[in-house]
Amino acid sequence: MNIVVSPKHLVEHEILSVISAMRKNSRWASSRLRSARDTALASNMGLRRTNVSDTGIGRNREDVDLMSGFEELKREMRDAEDILHVSLSTILAPFLALIRSSLSTGPITSAALMSLHAFFVSGLIRPSSPDVGPALAALSNTVANCKFEASDSAGDEAVLLRIISVIKEAICGNVGATLGDVEICEMLETVLTISCQMRASEVLRRSAELHMHALVRQAFTRLKVLDPDEEEGKLESSGGVSPVTEVKMSLEPIKSTPDSQIDEPASMMAAESDLVVAQASLEAQITSSHTCASYQVISNTLYYCGSHSVAIPPYGLPSIMELLRVLVNLLNPMDQQHTDSTRITSLRILITALEVAGSYIGKYPSLSAILFDHGCKYLFQLARSDHPTVLYLSLRVISTLFDTLRPHLKLQQELFLAFTIDRLALPNSPNMQPYSASLLKGGASPSSVGTPANSHTLDLLESDLNSQTPPAARPSVVPARGETRELMLEVLSSLASPPSFMVDLWSNYDSDLHCEDLFERLIAFLARGVYTSHTVAGVDREQQSSQLLCLDLLLAFINHMTVRGQGDASPLEQLQYNKSQKRLMLAGAARFNTKPKDGIKFFIENGLVQKDPNGNANPGNLANFLKKCPRLDKKLLGDYLSRQDNIDVLNAFIGQFDFKNKTIDEAVRDLLGAFRLPGESQQISRITETFAKCYFSSEPEGIKSEDAVYVLSYSVIMLNTDQHNPQIRKRMTLEEYRRNLKGVNADSDFDPDYLKAVYDSIVKREIVMPEEHTGQLGFDHAWNELLQRTRNAGTFIMCNTAIFDKQMFTMVWKPVISAIAFAFTTFDDDYVVQRAIAGFRQCATLAGIFRLPDVFDYIVQSLSRVTTLLSNSSYTSVPNHPVIEVEGKEITVSSLSVRFGNDIKAQLAAVVLFTIANGNGNAIRDGWVQIFEMFETLFLHSLLPTRMLQMEDFLGGVSMIPLQGNQPLLHRAARGDGGLLSALSSYLLTPYSSNSEPSTPEATESQVESTLCTIDCITACRLDELYSQIVDMDQTALIAALRALHAVADRRAADRLAALTAEGPEDAMLDVPLPYDPASVFLLEMMVSIACQTSQHAEEVWPVLFEHISALLSLADRYSMLLIERAVVGLLRLCLIVAEKPFLRDQLYVALDALGGLPPQVLNAVAEQVVAGLALVVQRYRHIISSQTEWALVFSLIRKTIYHPEASKLSFDLISELASDKPEGLITSDNIAGLIAVLDDFASAAGVAVEGQRRKDKRVVTIALEPIVERGLKAVELIAELKRFIPRLMEKASIAQNYAWRVYTLPLLGALGHQSSNASRDVRHAAISQLQRILLGPYVTTNDNDHTQVDEIFNRVVFPLLDELLKSDTLRRDPQGIPETRLRASALICKVFLHFEMRLSQSRSDIRVLWIQILDLLDRLMNIDKQDQLYEAVPESLKNVILVMNASEILVPPSEPDLRDERQKSMWAATQERIDRFLPGFLVEIIPPAEQHPN
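Nothing here was measured: the structure is a model prediction, and the numbers come from that model.

1. Side note on the overall build of the protein chain
Item 1. Check the secondary structure of the protein chain and you find 62 helices and six strands.
Item 2. The buried share of the protein chain, reckoned over its 1495 residues, is 53%.
Item 3. Sequence separation of 24 or more characterises 77% of the internal contacts of the protein chain that already satisfy a separation of 6 or more.
Item 4. Looking at the protein chain as shown, the accessible area adds up to about 64800 Å², and 50% of this sits on carbon and sulfur atoms.

Written out as structure tokens, the structure reads:
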């Protein structure tokens, strides 16, 4: 007990309370009321009562009984020892009788109900009370049939509130579990009816609804404890009827008052009076067209009236099922007898039921059947409502339904989501493809709005998703606008909130052959929804809210995928296969809808349809496929099936239908729902004949032949046209229809009732061809198709797994990232921007997990546009920016640094971009273009870290890339200091200064502050770290980065060339070089630096770098000299790497050849760098230069730099090292000839320098002669030294003597002979001395018996030397020194002749020609200047030669007798004749004729 007073006390006082209320009424006011018991007692005692005195009592017997019932109860209480042992029916009987009585008034009934409520609250009515079951049954029936005389409306409603309170205590209290199904239905019916009374006050209806929610919550909670199998078994065994009693809630339609148009309360009119009876159990209530037209409770529960009780089982599934059925039927929007207010009440109650036990309903098939069929159907129709409350509540019920019962609602969810996407699609969007053929179609046409300005961009975003599958052909739905749109988006957001939602869509729909690609459509819609749709009024709050909702859904999708992506998962092969098959099926459907034969061919080729032995499609398999394949054009399908060539397919197609136990009209409906009838009569006849055969085989009742079926089916089609074609005014009657079919059924008539049923069916329900379903018919058709598909739809897979994430992300990443980028750019709200940044990072994380470089590229490209740091090739020069010192550091204040520092969105984009790029370099491909463009921009504004501004050199180490500078001179002046720095030093004052630019503007404090913000942002981007990571990237990523850098550099160079050419044809014709471009140098240096640090990838890196550098060198005269110099340095640095790779050795010589092809003035300008790099290559990798051709390239470059004052130092050092006698054996048979030639050029360079100095030739820069002459002398010395290597080379390489003579020795002698006429006296004398030393030394010729080699010495060395010395031009080079050289040359020729005379004489060679040539030269030397020393020296030298020749018996004077041979005679004669020309008698004087001597 819940009270401290005794139960007896409570009951007695409740009795007193009710009696007091009764006595206030005139009916019970008399003090002398007798009951029937008084009369009975008198009769039993033998007393006679007069009828006169009993007349009034007879009339008021009911009044008396109601009062006496309480008197009896008082007596019972007085006699009972423990009231708790008294039957509960006894205690409640007088109260219930009073409540049921129509004589009671509102206050009296209210008092009785208050007493019942007190009994519940106090615990008097409890599960253990005697006869609690029958008592509660009686109570339920009583409150459901409560009657009282109406008074004022407020008092009457108070009574109804008391009834509701008692019902709530009964059901929700501790005795609720003892109630039966009938009792529950009665009481729930009562409360539901009150809550739907539109004529009642708002307070009453809301109170009733509030209590109804509590009751429904209590009732549906029972589903959690009930056994589904047991409850369903009870229903099955009783044929759907409760085992205890019939549980049925039936409603009668409510009438409406004409004036107010509100629901009329279902008041019972008392038969005796005109009083309005407020009956809690409304016998006229809201109904559905699917139920009968009454709503009364039929109860067989025994009202307790004696000592016997009936055991009532606790309520369970039957009452809950009946309640759900009523609530669902109230939702039917097509039943005009129901108002929106009633539907709102029902929707609210359904929400409560689903929230309490939604997931448990799926365990009960009987409940699921009600909710999943009619429930979902009505809810989806209400989702089109214009009533905002109905729309909201219906969407909430749908959302709750999917949240709790999603595994059971696969196709329902597909239908709803597709509809929602269609309604939410942007107006006038070409992408809008409504879901169902007629689903949710109707209502006012959408008002026209402006086409979004960015519609083209939006369409491109969705093309990646929609291009792969042909869209279903569906008519439009009414777009949602304003609050409706926002509400539907909120519901969609709620539906999509589970982490597995998108995965569920993919696995259940996109991977299902017969379902929509909902995942693709939803992502496409959301991505499009983020963009702004510009209307006349612009972007309003509602639109922005919609955009944010779409963005939130996309970001939630990415976030959930990122969380899942941390684990590994292997894809389910079956779903993968289904997805691929679906793609093929839809692609084939698109072909079929264009040309059926092509579609069939596609199906066969891809294995979707089996082949027969002849290679054609198997008819049965093809028919089955065509029946199940989605999105086939029904018109084309009908036309294809009805062709004569496809009759086998038609037979198989119609044979798949099950016509068993179906009437002809139902069978025709099924058939014509699969395809559209063609227009030709023959094709229709073909289809009808096949249908007749198949239908007759199902043994239809009352039809005797196939012909009868044929005619009857044709008649059905014609009747349908007749009844529903708006152009036909006179409709066929039933009698006419029967008459037309008379005698058709095998010479007999069809059953008239059968024909009437067919006729009525067609008249009431038109047979609508596919793709023509509209309005309610269309919806019903779509819903019926859905129910049919449900049988084969399979289970709904719920899996929050990463199995499908890669496929999903691969398909949708582009529109998703584009939408995030748009939101990041457009919205200023910090939360939205923060979410967008998180979205970028998560997309990057997923791209890294799934290894999708394109994603990183797209992110980088999207963010780079926001940073405003992309390069601008229009810069022709870097302006002077003010440089400010802040905290000991110099900062450059530029326009970009100020603008960027004021743009927080750009700074955020930069930080996010470089944060993503850092550590993900291996995943970036094309995105490097934007990254390097930003590097370029930052470099031009002095915002890069110092490390990224440096460039390496062969000569000066590391230096800074200059931002400004003058165009360097092509010919550089000699440097007196002899330093190693190249002409680049003219630029390297500082990277940020120039002495040729206008004055620098002053920077304001705000500009400095903005610049500091920019510097902080760039520091946070960690650009130097990203730059360092490039060299550690994988080969593929590294090459992509270099190609991007190459593209940026090439584009900049091309743009600058184009800009120069565009300035005018005159400039172009003059080939005006481009001004210095620091960005081009920066990009080049970055390329070279990266390549040099990644030598392990040289084979792949080299082509990229060489392509760029060779392009620069090919137009070397058009670019600034510093850029070309850096290109040369870079190429040679790469050569050092290439030389290490045997497979790239050929490329080394390609590079050297490219350098050798530079224009002379350009090559001279970069000579120092060329030689420095070349020297390193030769010194480190001389072993790889192994052929004459390769050495020729090396020597060619060296020879082209000989006349450069600085380069010649390096090149000569290199040649000296090569020509030196070292153990490494640097001199080989392949390079000795080249060395001789190069040394010869170095010696010649000394002569050219001396000659130029003397002439003061303006074309030759005045330089110090001493180093050049020293190199010339050293060159001559080295040439002579090479002579001793020749025997070694002959032995080592097994070279023939004659070959060695021609290739090695003779060129060496020729070089010395050539230098013997050098303009430099020192070089000349050194050369002639070395020549004399070699010629007079041993082993000059390789074959002593070969007179040819001696002839070549004279003809190709000595004689040309003397010829050159005898020239007047030679004399002018050194007028004071040449005579001495001639003197030495005359002595040389004589000595050499004498040296070889003995050898020649021994070989008996004819030396007359040689000797005469020598005499000719001596003649010329002697007579060239008679005042010269030669005039005296030549005869003396000639005298010595003659004497030696005479001693050798080569030159023998005549004698008597003359004993000389012919050779001696001719020699003497020729000599005498030639000498006498310039020295008459000289020969006879030296060698007088011999006296005659006897033999």
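So much for the structure itself; the text now carries on.
2. Observations regarding the pattern of salt bridges
Pairing of side chains with opposite charge becomes possible as their charged atoms draw close.
Item 1. Evaluated as defined, the whole model comprises 42 salt bridges.
Item 2. With a closest N to O distance of 2.1 Å, Arg 325 and Glu 322 form a salt bridge. Note that Arg 325 and Glu 322 are positioned in helix α12 (residues 317-329) at a spacing of three residues, about one turn of the helix.
Item 3. By relative accessible area, Arg 325 is classed as buried at 16%.
Item 4. The class of Glu 322 is buried, set by a relative accessible area of 5%.
Item 5. One salt bridge in this structure joins Arg 396 and Glu 355, with 2.9 Å as the shortest N-O distance. Taken together, the residues Arg 396 in helix α15 (residues 388-405) and Glu 355 in helix α13 (residues 340-361) connect sequence positions 41 residues apart.
Item 6. Assessed through its relative accessible area of 33%, Arg 396 is described here as partly exposed.
Item 7. Residue Glu 355 is classed as partly exposed on the basis of its relative accessible area of 46%.
Item 8. In this structure, a network of salt bridges that share partners links the residues Glu 202, Arg 205, Arg 206, Glu 209 and Arg 348.

3. Structural notes on unusual backbone geometry
Item 1. In the segment running from Glu 1456 into Pro 1457, the intervening peptide bond is cis, with an omega of -15°.
Item 2. Within the secondary structure, Pro 1457 is located in the loop between α60 (1430-1447) and α61 (1462-1478).
Item 3. Positive phi values are uncommon outside glycine, yet Asp 747 reaches one of about 65°.
Item 4. Here the phi dihedral of Glu 887 falls at roughly 55°; this positive angle occurs in a residue that is not glycine.
Item 5. Secondary-structure assignment places Glu 887 in the loop between β3 (883-886) and β4 (889-892).

4. Some details on the packing of helix α45 (residues 1121-1138) against helix α48 (residues 1167-1181)
Item 1. Contact geometry for α45 and α48: axes closest at 9 Å, N-to-C directions at 0°. The orientation of α45 with respect to α48, classified from their angle, is roughly parallel. When α45 is examined against α48, the residues Glu 1125, Val 1128, Val 1129, Leu 1132, Cys 1135 and Leu 1136 are found in contact with a partner set consisting of Gln 1169, Val 1170, Gly 1173, Leu 1174, Leu 1176, Val 1177, Arg 1180 and Tyr 1181.
Item 2. Its residues placed into classes, the contact of α45 with α48 shows ten nonpolar, two polar and two charged.

5. Remarks on α45
Item 1. In a regular helix each residue adds 1.5 Å, so 18 residues correspond to 26 Å; α45 covers 25 Å between its end C-alpha atoms and thus fits that length.
Item 2. Of all 18 residues making up α45, 18 are buried, and the element is well covered by its neighbours.

6. Details of the pairing of β3
Item 1. Relative to β4, β3 is paired through four bridges, and the arrangement is antiparallel. From the neighbouring strand, Val 883 faces β4, where its bridge partner is Thr 892.
Item 2. Hairpin connection between β3 and β4: a loop of two residues separates the two successive antiparallel strands, and Glu 887 in this loop has a positive phi of roughly 55°.

7. Describing the nonpolar core
Item 1. Ranked by internal contacts, the top residues of the largest apolar core, which has 388 residues, are Phe 220, Ile 931, Phe 935 and Phe 1354.
Item 2. The residues contacting Phe 220, other than those within four sequence positions of it, are Ile 320, Leu 323, Leu 324, Ala 353, Val 356, Ala 357 and Ile 361.

8. Description of the packing of aromatic side chains
Item 1. The full count for this structure, using the stated rule, is 33 aromatic pairs.
Item 2. Between Phe 809 and Phe 850, the aromatic rings sit 5.9 Å apart at their centres with planes inclined by 50°, giving tilted as the arrangement. Note that Phe 809 is positioned in helix α33 (residues 805-826) and Phe 850 in helix α34 (residues 830-850), a separation of 41 residues in sequence. Accessibility classification places Phe 809 together with Phe 850 in one group, the buried group.
Item 3. Plain terms: the ring middles of Phe 824 and Phe 840 are 5.9 Å apart, the flat faces sit at 80° to each other, and that makes the pair edge-to-face. Pair noted here: Phe 824 is in helix α33 and Phe 840 is in helix α34, with a separation of 16 residues, a long-range link. Each member of the pair, Phe 824 as well as Phe 840, is classed as buried.
Item 4. One aromatic cluster is present, formed by Phe 653, Phe 657, Phe 659, Phe 675, Phe 691 and Tyr 695 through successive ring pairs.
Item 5. Over the aromatic face of Tyr 315 sits the side chain of Arg 222, whose NZ or CZ is 4.9 Å from the ring centroid.
Item 6. Positioned above the aromatic ring of Phe 657, the side-chain terminus of Lys 627 is 4.7 Å from the ring centre.

9. So, helix α29 (residues 706-724)
It helps to recall that an α-helix has 3.6 residues per turn; residues three or four apart then point in one direction.
Item 1. In this model α29 runs 27 Å from its N-terminal to its C-terminal C-alpha over 19 residues, within 8% of the 27 Å that 1.5 Å per residue would give.
Item 2. All buried positions along α29 are accounted for by Ala 708, Val 709, Leu 712, Ser 713, Ser 715, Val 716, Ile 717, Leu 719, Asn 720, Asp 722 and Gln 723.
Item 3. Residues of α29 that are buried make contact with α27 (664-672), α28 (681-697), α30 (734-740) and α31 (752-764).

10. Regarding the environment of Asn 651
Item 1. Within the element layout of this structure, Asn 651 appears in helix α26 (residues 647-655).
Item 2. Along the backbone, Asn 651 and Glu 689 are 38 residues apart, and their C-alpha atoms lie at a distance of 9.8 Å.

11. Digging into the side chain of Ser 1211
Item 1. Among the secondary structure elements, Ser 1211 is positioned in helix α50 (residues 1207-1219).
Item 2. Overall, Ser 1211 belongs to the buried group, its relative accessible area being 0%.
Item 3. Among the polar contacts made by the side chain of Ser 1211, one reaches the main-chain carbonyl oxygen of Ser 1208 at a distance of 3.1 Å.
Item 4. When neighbours within four sequence positions are excluded, Ser 1211 is seen to be in contact with Val 1171, Ile 1198, Thr 1201 and Phe 1242.

12. Some points on the environment of Glu 1266
Item 1. Looking at where Glu 1266 falls in the secondary structure, it is placed in helix α52 (residues 1265-1281).
Item 2. Residue Glu 1266 is classed as exposed on the basis of its relative accessible area, which comes to 57%.
Item 3. The sequence separation of Glu 1266 and Ala 1249 amounts to 17 residues, and the corresponding C-alpha distance is 10.0 Å.

Quick notes on the rules
- Residues numbered from 1 in each chain as written.
- Predicted model: local features only at pLDDT ≥ 70, side-chain atom pairs only at ≥ 80, totals over all residues.
- Heavy atoms only, no water.
- Helix = DSSP H or I, 4+ residues; strand = E, 2+ residues; numbered from the N terminus.
- Buried < 20%, exposed > 50% of the residue type's maximum accessible area, 1.4 Å probe, protein only.
- Contact = heavy atoms within 4.5 Å.
- Areas by Shrake-Rupley, 256 points an atom, 1.4 Å probe, with all protein chains shown as cover.
- Salt bridge = Lys/Arg side-chain N within 4 Å of Asp/Glu carboxyl O.
- Axes fitted to C-alpha atoms, helices over the stretch in contact; angles between N-to-C directions.
- Parallel < 35°, antiparallel > 145°, perpendicular 65-115°, else oblique.
- Nonpolar A, V, L, I, M, F, W, Y, C, P; charged D, E, K, R; others polar.
- Expected span 1.5 Å × (residues − 1).
- Pairing = 2+ DSSP bridges.
- Core = buried A, V, L, I, M, F, W, Y, C linked by side-chain atoms within 4.5 Å.
- Phe/Tyr/Trp six-rings, centres within 6.5 Å; stacked < 30°, edge-to-face > 60°.
- Lys NZ or Arg CZ within 6 Å of the ring centre and 35° of its normal.
- Polar contact = N/O pair within 3.5 Å; in protein donor to acceptor, adjacent residues only side chain to side chain.

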